[in-house]
Amino acid sequence: MMLSEKQIDTFLEVQHSLGKLLYFNVENLRDYVIISPAYLVEVLRSLVTEKQFWPKSGRFPGILKNLQETGFVDKKDLYHLWEQEKFMHILPYREYMVEMLVHLDVIIAPRTSFELSSSPLSEVSRFLVPCMITKANDTKYLEKIRLCNTSIVMAYKFIEEVIPPALLYRFLGSFITMWHIKYYKEKNRETMMLFSDLTVVQVDPSHDVAVQVRGNRVVVSFVHAVKKENIIPTLASSIQECLTNAMLGICQFYSTLSDARNSQSMPFEIEFGVFCKSNICFFHHNEIRLNSPWFCSQHRRNHEDVGYLQAWFSEKEPLDGCLNTCIGLGRMELEQCPSDKHLRRLVGELSLLKCRELAFELGLKVHEWEHFENQFQHQLSDDYKFEAVRSCTDKSRNFTFNMLVCVLEKVELSNHLLCKVLRDVKPDVSGISEDSLNSLPSNNLLLDLSNHIGNRTMQLAIELDLDSSTIQQVQYKYKNKLLEQTKEFLQIWSRNQQPKPTLRLLIKALHRIGKIGALRGVRLTN
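Per an unreviewed UniProt entry, the chain is named Death domain-containing protein, and its organism is Mytilus edulis.

What follows is the structure in structure tokens.
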């Protein structure tokens, strides 16, 4: 029986899941199938191996030294490793193997410049191999820069006492592709801040993010060049959202390798860190109270000012409500079909239970809701509420606002919610010239802004009128990498012809998703 292409894909994916072969159904990898999974072990062994098994002659010792001290390997050196007799069988497929190692986060293609889009893999000349770094931090960065008056600290505390090294390497790889590795000047030398026990990246000239492992904690420090009071809350919360999303995605990947009954949906807790005597002490983030101190029982010390830590979870800004004089939607509005952004705004106004009730009235089945709930379990609830409601409206060819009004009445919700959905917003744009508001934002502005969006990436894309297929393609391409998704969405939007992408439209979209505060941290003029 001749199989169709779809049947072949299904067959290969099933066999891959059973471990009988290796097949990655992603761009640049789907053209090859590794019939023997042990072949991949040979590819890994060519690069990731102990010093005692490393070749002792020619260029090989220099390649190893560079790997251990900096974590980097040049592409030409990687190819040189495969020129050894025992690895020559890899050479005919070297481009594919590089793509595969990047896909598995064994090697990382770090950013080389602050641009919206990263270079194609074929143009990358060197890669980072996190698991090969053996050099420990030998700088005074933590003692001189990461201080109580310049930094806010959070941590991912794992339930298990030992964090799997592979998990940390993947998280480090995800972390490094988000921002530029920092170069720290100390005395007469400049050091790249990439070590076996510490990594520091530069978000912008004023902000650094430092990540280190301490026991079963992954400690994240957000450092300002002058003082922590100058840290921009939307920037801190967005960084937290991006890192948490990446950590959850990686943990979910590894949980599939263990017994599902024992796997944790959230194998770690998020804690806040406080500089206490000569150490950093931690407490669960739920324990923080506005204008209330935190008492460290270990050191018997009261910390009066911990409110600044709320920057990690800065609140979203509310949108304007409906006036008492509003009489609801007019006839022409009621006959319109709600767009994706109208549905997104609507579900944002509903609680999870009310949205579930609304979706059921629209015809959604219980198992379909549970599917969306499971698919988006590590994302904002607004994301899967939107997908669930949209899936219902997609089934109706002529779904209108009028039909939506009827459903809202059935679930005892005010039809004035739709007024809020359709009403234009007027964010404060004082101080920005009309020419700037009506012009295309520069790449530098879009790049700066991308650091402030966090887990509101999908909502921003919808507000910028990107179509659903484009959003899904970008999400698939950059799975678990929110910052990369944001950069791609902004770049795609900036190329639109209709409507013309302007700074004014961008500001309104930010206002809609509760990220208008992000404008404090970016330059609004070209």
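Engineer: In this structure, what is going on with the pattern of salt bridges? I would like to understand it.
Structural biologist: Where charged atoms from two side chains of opposite charge come close, those side chains can pair. If you walk through the whole model with that rule in mind, you get 21 salt bridges. A salt bridge links Arg 344 to Glu 463, with the shortest nitrogen-to-oxygen separation between them at 3.0 Å. Here the residue Arg 344 occupies a position in helix α10 (residues 340–348), and Glu 463 occupies one in helix α18 (residues 457–463), the gap between them amounting to 119 residues. With respect to class, Arg 344 is no different from Glu 463; both count as buried. Two residues, Lys 477 and Glu 488, come together in a salt bridge whose shortest N-O distance is 3.9 Å. With Lys 477 in helix α19 (residues 468–477) and Glu 488 in helix α20 (residues 482–494), this residue pair connects regions lying eleven residues apart in the sequence. In this structure, a network of salt bridges that share partners links the residues Lys 135, Asp 138, Glu 186 and Arg 189.

Engineer: Looking at this structure, how should I read the pairing of strand β8 (residues 207–214)?
Structural biologist: Moving residue by residue along a regular strand, the side chains alternate between the two faces of the sheet. Extensive coverage of β8 is indicated by the burial of six of its eight residues. In the sheet, strand β7 (residues 199–204) pairs with β8 via five bridges, with the strands oriented antiparallel. Within β8, the position partnered with Thr 199 by the bridge is Val 211. Linking β7 back to β8 in an antiparallel pair, the connection comprises two residues.

Engineer: Just to check I follow, could you spell out the sheet that holds strand β10 (residues 268–276) for this structure?
Structural biologist: Two modes of strand pairing occur in sheets, parallel and antiparallel, and in both the strands are linked by backbone hydrogen bonds. The seven strands are arranged β4-β7-β8-β9-β3-β10-β11 in an open sheet whose pairing can be described as antiparallel. With one partner strand each, in any of the chains shown, β4 (180–181) and β11 (279–284) form the two edges of the open sheet. Across eight bridges, the pairing between β8 and strand β9 (residues 217–224) is antiparallel. Bridged to Asp 208 within β9 is Val 223.

Engineer: Can you help me understand the nonpolar core in this one?
Structural biologist: Nonpolar side chains in soluble globular proteins tend to end up buried together. Counting 58 residues, the largest nonpolar core has Leu 346, Leu 358, Leu 418, Leu 460 and Leu 506 as its most contacted members. Once you skip the residues sitting within four places of it in the chain, Leu 358 turns out to touch Leu 346, Leu 350, Val 389, Val 407, Leu 408 and Val 411. Formed by 56 residues, the second largest nonpolar core is a distinct cluster that contains Phe 72, Met 192, Cys 242 and Cys 276.

Engineer: For this particular structure, what's the right way to read a nonpolar patch on the surface?
Structural biologist: On the surface, a cluster of nonpolar side chains totalling about 450 Å² of accessible area is made up of Met 1, Leu 3, Ile 8 and Phe 11. Residue class for Ile 8 comes out partly exposed when judged on its relative accessible area of 36%.

Engineer: For this particular structure, what's the right way to read the side chain of Gln 240?
Structural biologist: Within the secondary structure layout, Gln 240 lies in helix α8 (residues 233–255). When its relative accessible area of 5% is taken as the criterion, Gln 240 is described as buried. Leave out the neighbours within four places in its chain, and Gln 240 touches Met 154, Tyr 156, Ile 270, Trp 312 and Phe 313.

What counts, and at which threshold
Residues numbered from 1 in each chain as written. Predicted model: local features only at pLDDT ≥ 70, side-chain atom pairs only at ≥ 80, totals over all residues. Heavy atoms only, no water. Salt bridge = Lys/Arg side-chain N within 4 Å of Asp/Glu carboxyl O. Helix = DSSP H or I, 4+ residues; strand = E, 2+ residues; numbered from the N terminus. Buried < 20%, exposed > 50% of the residue type's maximum accessible area, 1.4 Å probe, protein only. Pairing = 2+ DSSP bridges. Core = buried A, V, L, I, M, F, W, Y, C linked by side-chain atoms within 4.5 Å. Contact = heavy atoms within 4.5 Å. Patch = residues over 30% accessible without salt bridge, like charges linked within 9 Å, V, L, I, M, F, W, Y side chains within 5 Å. Areas by Shrake-Rupley, 256 points an atom, 1.4 Å probe, with all protein chains shown as cover.

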